[in-house]
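Summary of structural features
Okay, here's what each chain looks like letter by letter:
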Amino acid sequence: MSKLVTIYGGSGFVGRYIARRMAKEGWRVRVAVRRPNEALHVRPYGVVGQVEPVFCNIRDDASVQSVMQGADAVVNCVGVLNEVGKNKFDAVQHEGAERIARLAAQSGVDTLVHLSAIGADSEADSKYATSKGLGEEGVLQHFPGAVILRPSVIFGAEDQFFNRFASMSRFGPFLPLVGGNTRFQPVYVDDVAKAAVAGVLGQAPAGIYELGGPEVATLRALVEKMLDVIHRRRVIINKPFFAGRILAGLLDFGQAVTLGLFTNSILTRDQVKSLRHDNVVGDGAKGLADLGITPTAMETIMPEYLWRFRPQGQYDDITASARNLKT
């Protein structure tokens, strides 16, 4: 009988790539999510019945335990970029991560892979990084043999990084940035999935791995690269952090007074704090190379999904070529 892996958050940005790869490995995949009816897109990743979305509330012991029954391995991909409703950083990324590790240990699960983030630190100044750090501590307390993955910013077709800036570029000649000089090391989502699969298959020794792509660049340089891909010219304005705090405060206030009807997915005060720190693989940290994975360059992937933000969309290259025809 094939082995079973439960992937918490398995229909999300990273989780779906892990689910697809685990199905290709011949495993049965249980995708634990809050809204199974919105996760039906994972079913075609395998043969009939191989990949199934199931309901789970990561804030409830019984719910987490029920979808873990019979699992040989567990992967935790659940995370939030901003707090909305009951999905607070601490509840999801600290208490939720610790709950999964505790119950996995009690259930005799063989393997646990936990998705964290570069900059995770229980004493960080941002709530996001603090919750990630506390989550790691909770995981290691209950499951010392866990494989913990800390990616830099992740890019791919469904990302909330390049897609967000590309969308913003359509609404005017200026593109304001907060933290334009902060350095990142973007990593391709499928490379992160490969690392998670290596952990599940026992090909990665227990420990912490920091995952970054082949290029380190400032936020401004990354946005310039994105603009080049989508064939748009914009004036990039580096806004100081104090201006970013003011704007983020207003947006956070708007979310609070509308009781969540408006969700601040633009810029939060906590994100401004995070942007003060570089997001790159640390010196001496274990990474993709230790897992036998060659990182994928941004240039090979970005045009595949950012073309829709070009002025003429999929026809932009044809239009540009036509201009060069000799009359």
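Scroll up for the structure.
This write-up is about the structure you can find in this document. (Residues numbered from 1 in each chain as written. Predicted model: local features only at pLDDT ≥ 70, side-chain atom pairs only at ≥ 80, totals over all residues. Heavy atoms only, no water.)

**Looking at helix α4 (residues 127–142)**
Let me state the cut-off plainly: Note on conventions: DSSP H or I runs of at least 4 residues are helices, E runs of at least 2 residues are strands, and numbering of each starts at the N terminus. Each residue after the first adds 1.5 Å to the expected span of a helix. Burial classification: accessible surface area is computed with a 1.4 Å probe over protein chains only, and a residue below 20% of its type maximum counts as buried, one above 50% as exposed, and the rest as partly exposed. The criterion used for residue contact is that any of the two residues' heavy atoms lie within 4.5 Å.
For α4, spanning 16 residues, the distance from its first C-alpha to its last is 23 Å, which sits close to the expected 22 Å at 1.5 Å a residue. When we look at burial in α4, the residues that qualify are A129, T130, S131, K132, G133, G135, E136, G138 and V139. Contacts made by the buried residues of α4 are with α3 (89–107), β5 (111–115), β6 (147–151) and β11 (207–211).

**Considerations on the sheet that holds strand β1 (residues 4–8)**
Here is the rule: Any two strands with at least two DSSP-identified bridges between them are counted as paired. Every axis corresponds to a line fitted to the C-alpha atoms, with the helix fit spanning only the stretch in contact, and the corresponding angles, defined between N-to-C directions, vary from 0 to 180 degrees.
Taken together, seven strands build an open sheet; the order of strands is β3-β2-β1-β4-β5-β6-β11 and the sheet is parallel. The open sheet has two free edges, formed respectively by β3 (51–55) and β11, since each of these has just one partner strand. On average, adjacent strands in this sheet sit at an angle of 20 degrees to one another, irrespective of strand direction. Across the face of the sheet, α4 comes into contact with β5, β6 and β11 while running at roughly 175 degrees to β5.

**Here's the deal with the pairing of β6**
Of all five residues that make up β6, five are buried, and the element is covered over most of its length. Taking every second residue as pointing to the same face, both faces of β6 are buried, with V147, L149 and P151 on one and I148 and R150 on the other. Inspection of the sheet shows β5 paired to β6 by three bridges, in the parallel sense. Along β6, the bridge assignment pairs H114 with I148. Relative to β11, β6 runs parallel, the two sharing five bridges. Note on β11: the bridge partner recorded for V147 is G207.

**What to know about the layout of surface pockets**
Applied cut-off: In the cavity and pocket records, a cavity denotes points on a 1 Å grid over the protein atoms alone where a 1.4 Å probe fits but cannot get out, a pocket denotes an open set with protein on both sides within 12 Å along at least 5 of 7 lines, and lining residues are residues with an atom within 4 Å of a point. Grid points are joined across faces, edges and corners, and a volume is the space filled by probe spheres set on the points. We call Asp, Glu, Lys and Arg charged. Ala, Val, Leu, Ile, Met, Phe, Trp, Tyr, Cys and Pro are nonpolar, and the rest, Gly among them, are polar.
Counted as a void, the second largest pocket has a volume near 370 Å³. Within the residue set of the lining of the second largest pocket, elements represented by two or more residues are α8 (241–257) and α9 (269–274). Looking at the lining of the second largest pocket residue by residue, the class counts come to three nonpolar, six polar and seven charged.

**With respect to the packing of helix α1 (residues 15–24) against helix α6 (residues 189–200)**
Helix packing geometry: the angle between the two helix axes and the distance between the axes. To keep it simple, the criterion reads: Angle categories are assigned with fixed cut-offs, so that under 35 degrees is roughly parallel, over 145 is roughly antiparallel, 65 to 115 is roughly perpendicular, and the rest are oblique. Two helices cross in a left-handed way if the nearer one is turned anticlockwise from the farther one by less than a right angle. They cross in a right-handed way if the turn is clockwise.
Remark: α1 packs on α6, axes separated minimally by 8 Å, with the N-to-C direction vectors making an angle of 50 degrees. Here α1 is positioned oblique relative to α6, judged by the angle of their axes. Of the two possible hands of crossing, α1 and α6 adopt the one that is right-handed. Each of Y17, I18, R21 and M22 in α1 lies in contact with α6, whose residues at this interface are V189, D190, A193, K194, A196, V197 and V200. Residues that form the contact of α1 with α6 fall into these classes: eight nonpolar, no polar and three charged.

**Some points on the environment of G180**
Tracing the sequence through the fold places G180 in the loop between β8 (174–178) and β9 (183–184). With 57 residues separating them in the primary sequence, G180 and I237 have C-alpha atoms 8.5 Å apart. If we ignore the near neighbours within four places in the chain, the residues touching G180 are T218, L219, R220 and N238.

**Looking at the packing of aromatic side chains**
Stated precisely, the cut-off is as follows: The criterion for an aromatic pair is that two Phe, Tyr or Trp rings (for Trp, the six-membered ring) have centres within 6.5 Å, with stacked assigned to planes under 30 degrees apart, edge-to-face to planes over 60 apart and tilted to the rest. Consider the ring centre and the ring normal. A charge sits over the ring if Lys NZ or Arg CZ is within 6 Å of that centre and within 35 degrees of that normal.
For the coordinates displayed, the defined rule picks out seven aromatic pairs. Of the aromatic side chains, those joined through ring pairs into one cluster are F155, F161, F162, F165, F184 and Y188. Over the aromatic face of Y17 sits the side chain of R20, whose NZ or CZ is 5.3 Å from the ring centroid. Note that R20 overlies the ring of Y45, its terminal NZ or CZ placed 4.4 Å from the centroid.

**Comments concerning the pattern of salt bridges**
The line we're drawing: The rule for a salt bridge is simple: a side-chain nitrogen of Lys or Arg has to be within 4 Å of a carboxyl oxygen of Asp or Glu.
Applying the stated criterion across every chain yields a total of 14 salt bridges. For D61, the salt bridge is made with R102, and the minimal N-O distance between the two is 3.0 Å. Of this pair, D61 sits in helix α2 (residues 61–66) while R102 sits in helix α3, and the two are 41 residues apart along the sequence. Look at R102 and you get partly exposed, because its relative accessible area is 24%.

**With respect to the nonpolar core**
Quick reminder of the rule: Only buried residues count toward a nonpolar core. Its members are Ala, Val, Leu, Ile, Met, Phe, Trp, Tyr and Cys residues joined through side-chain atoms within 4.5 Å.
Of all hydrophobic cores here, the largest spans 70 residues; its most connected members are I18, V29, L149, F162, V223, M226 and L306. Broken down by element, this core gets its largest block of residues, eight residues, from α6. Among residues more than four places away in sequence, those in contact with V29 are L4, V5, I7, A19, M22, A23, Q50, V51 and E52. Core analysis: the second largest hydrophobic core is formed by 23 residues, L4, V92, V139 and F143 among them.

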